[in-house]
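Now for the letters of each chain:
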Amino acid sequence: MAERRDTPWWERGVIYQIYPRSFQDSNGDGIGDLAGVIARLDYVAQLGVDAIWLSPIFPSPMADFGYDVADYCGIEPLFGDLATFDRLISEIHARGLKLLLDFVPNHSSDQHPWFIESRSSRDNPKRDWYIWRDAGADGGPPNNWISDFGGSSWEWDEATGQYYLHAFLKEQPDLNWRNPELRAAMSDVLRFWLDRGVDGFRIDVIWHMVKHEAFPDNPLNPAWTPEVRERDKLIQLHSTDQPEAHTISAEMRRLADSYGDRVLVGEIFLPNDRHAKWYGTPEQPQVHLPFNFQLIENPWDAASLRQIIADYEGSLPAFGWPNWVIGSHDAPRIAARIGEAQARVAAMLLLTLRGTPTLYQGDELGIGEVTIPPERMRDPQHLREPERGIGRDRSRTPMPWNDAPFAGFSTAEPWLPLNDDWRARNVAAQSADEHSMLRFYQKLLALRRSSPALTIGSFTLTDAEDEVLSYIRQAGDETLLIVLNLSSQARGFATPHGYGLGDTIASTLAKSDATTGTVAADEGVIFRLTGKH
Ligand code: GLC
């Protein structure tokens with residue numbers, strides 16, 4: 001892939017996701033808030049990231065912890081108010097950081113005034129702002145669609161005698177993006193926040209936004225087995241990724257571009273060919289960064305990674321900038337999945353691949369498996385399908401800042417338990433230990449920032465032994481070789497043809513002997529290459 005020179009901030013930068021309920025509590029209610037985020041901004045700046053993506057902070061009954069919005073232009077009182085928000089954004093900008101908000105267009109809360117009006121009668125002017133249908137011929141739901149959280153996607157409304165659609169909880173009715181008034185109202189929402197100075201949005205489940213006009217049944221998924229989520233019984237052919245959603249995404253982009261240097265990140269889970277379409281075309285661009293979750297979704301071995309990286313790079317449109325994610329409030333913790341040693345390798349991979357990385361709070365501390373007693377589980381997805389072990393609470397535990405009571409997160413019992421090892425695994429302890437995961441992240445982030453090869457350089461996979469992934473990043477006269485050993489045994493590697501092996505710039509280990517041509521078990525290394533430019 002060629003080197004690019006015309007680079008906006010979001011191509012060079014690193015995004016850091018803050019889950020506001022769990023970052024820092026400032027008022028002793030056990031729930032994080034905006035004043036808490038402000039108090040921890042120096043930490044974020046010192047970490048060395050460029051932008052904060054804040055999960056939803058809008059008024060919400062919290063059925064899905066903020067992804068059920070009851071007012072798109074307000075601040076949830078648990079989190080603060082608009083004045084605190086304005087202070088947050090100016091403090092963020094004062095540190096040279098950017099702020100992305102989480103825009104949730106597919107659905108609102110059932111407590112949003114729009115929905116309350118919509119369900120009040122069939123002829124209410126806002127009826128058509130949501131998706132209402134008569135019962136099917138048998139008196140049941142209009143079609144076979146299944147909610148992402150299990151059960152039918154349709155909820156019967158006794159008062160008006162129709163079903164409404166909800167792709168997630170019944171407390172999250174889907175909005176009707178085919179309605180021009182709804183579209184105009186949502187553009188006003190985006191303007192409201194852009195006018196307040198936000199630098200962009202992460203757009204929640206953007207590929208869900210429009211449904212097939214005729215609402216046909218979704219086809220059965222022949223690969224489904226009972227261990228898999230109920231959602232996956234069907235292929236979401238007609239309920240997601242409709243052509244009209246791309247038109248809307250292009251409209252959102254035009255709006256964002258009219259404000260200058262802003263960025264839109266779209267949450268999208270699709271195969272590469274359909275995923276790439278969310279970039280749009282040079283004439284009609286859509287989101288800048290369609291989120292790429294493949295490092296989360298695929299097995300952690302060198303052959304798989306090599307394949308997904310090559311396929312993804314190969315699928316991008318010429319003008320499309322890649323991006324990579326290894327953690328989120330929805331995914332299992334990377335250190336829980338692959339262990340701490342490999343989590344360091346994952347950090348090195350994330351921060352040396354070509355494309356914008358998104359880092360999730362707490363992964364920089366290597367938080368791994370967390371014990372949550374059943375009675376403290378809060379995630380509605382888990383509570384609806386407990387037998388599947390897909391609960392998201394384990395990734396949402398509060399940030400451990402120090403070894404004070406409640407880890408300095410709060411003065412009260414937090415809404416979710418802390419990580420079991422918080423007394424040792426916290427920001428203060430790791431800041432003081434030069435070999436900690438936190439210091440490793442800081443080092444890698446600083447290295448990435450200072451290195452054109454890592455930020456905007458070309459990317460070339462190189463040949464390697466089994467269980468080793470290696471690639472070259474190159475810009476100007478800086479050429480780097482990254483060698484990642486995904487196995488728990490030492491492995492050899494060859495210096496790519498025509499180059500000489502220079503210094504070791506970084507290793508996942510405290511001490512590395514990799515210049516001898518061998519990477520230790522679970523070691524990742526960044527080398528400088530000499531010769532051949
Ligand atoms: C997205 C969010 C997730 C939420 C869902 C419904 O996938 O990341 O947390 O539950 O959308 O809004």
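Not measured: the values here are computed from a predicted model.

Colleague: Break down the pairing of strand β2 (residues 51-54) for me, with residues and values.
Modeller: Residues Ala51 and Trp53 point to one face of β2 and Ile52 and Leu54 to the other, with burial holding for every one of them. Bridging between β2 and strand β3 (residues 98-103) involves four bridges; their strand directions are parallel. Residue Leu54 lies in a different strand from β3, and its bridge partner there is Leu101. Assessed by its sense of winding, the connection that carries the chain from β2 through helix α4 (residues 82-94) to β3 is right-handed.

Colleague: Please give an account of the side chain of Asn176 that cites residues and values.
Modeller: Along the chain, Asn176 turns up in the loop between β6 (162-165) and α6 (180-195). Apart from the residues lying within four places of it in its own chain, the contact partners of Asn176 are Asp128, Trp129, Tyr130, Ile131 and Leu182.

Colleague: Run through the sheet that holds strand β8 (residues 263-266), naming residues and quoting values.
Modeller: The strand order β9-β8-β7-β3-β2-β1-β11-β10 describes an open sheet built from eight strands, whose pairing is parallel. Edge positions in the open sheet fall to β9 (289-290) and β10 (323-325), since each of these has one partner strand only. Strand direction decides the pairing type here: β10 and strand β11 (residues 356-360), joined by three bridges, are parallel. Across the sheet, Trp324 pairs through a bridge with Pro357, a residue of β11.

Colleague: How would you explain the side chain of Asn124 if you had to name every residue and give the values?
Modeller: Along the chain, the position of Asn124 falls in the loop between α5 (113-118) and β4 (132-133). Using a relative accessible area of 14% as the deciding quantity, one classes Asn124 as buried. Within the local environment of Asn124, its side chain forms a polar contact with the backbone oxygen of Glu117, the two atoms lying 3.4 Å apart.

Colleague: Lay out the packing of aromatic side chains in plain terms, naming residues and giving numbers.
Modeller: On inspection of all chains with the given rule, the structure shows 28 aromatic pairs. Plain terms: the ring middles of Trp132 and Tyr164 are 5.5 Å apart, the flat faces sit at 70° to each other, and that makes the pair edge-to-face. Of this pair, Trp132 sits in strand β4 while Tyr164 is found in strand β6, placing the two residues 32 residues apart along the sequence. Considered together, Trp132 and Tyr164 belong to a single accessibility category, that of buried residues. When the centroid spacing of 5.4 Å and the interplanar angle of 35° are considered together, the rings of Trp145 and Phe215 count as tilted. Of this pair, Trp145 sits in the loop between β4 and β5 (154-157) while Phe215 sits in the loop between β7 (200-203) and α7 (243-257), and the two are 70 residues apart along the sequence. Residues Trp145 and Phe215 agree in their burial class; the two are buried.

Conventions we followed
Residues numbered from 1 in each chain as written. Predicted model: local features only at pLDDT ≥ 70, side-chain atom pairs only at ≥ 80, totals over all residues. Heavy atoms only, no water. Buried < 20%, exposed > 50% of the residue type's maximum accessible area, 1.4 Å probe, protein only. Helix = DSSP H or I, 4+ residues; strand = E, 2+ residues; numbered from the N terminus. Pairing = 2+ DSSP bridges. Right-handed = clockwise from strand over helix to strand, strands pointing away. Contact = heavy atoms within 4.5 Å. Polar contact = N/O pair within 3.5 Å; in protein donor to acceptor, adjacent residues only side chain to side chain. Phe/Tyr/Trp six-rings, centres within 6.5 Å; stacked < 30°, edge-to-face > 60°.

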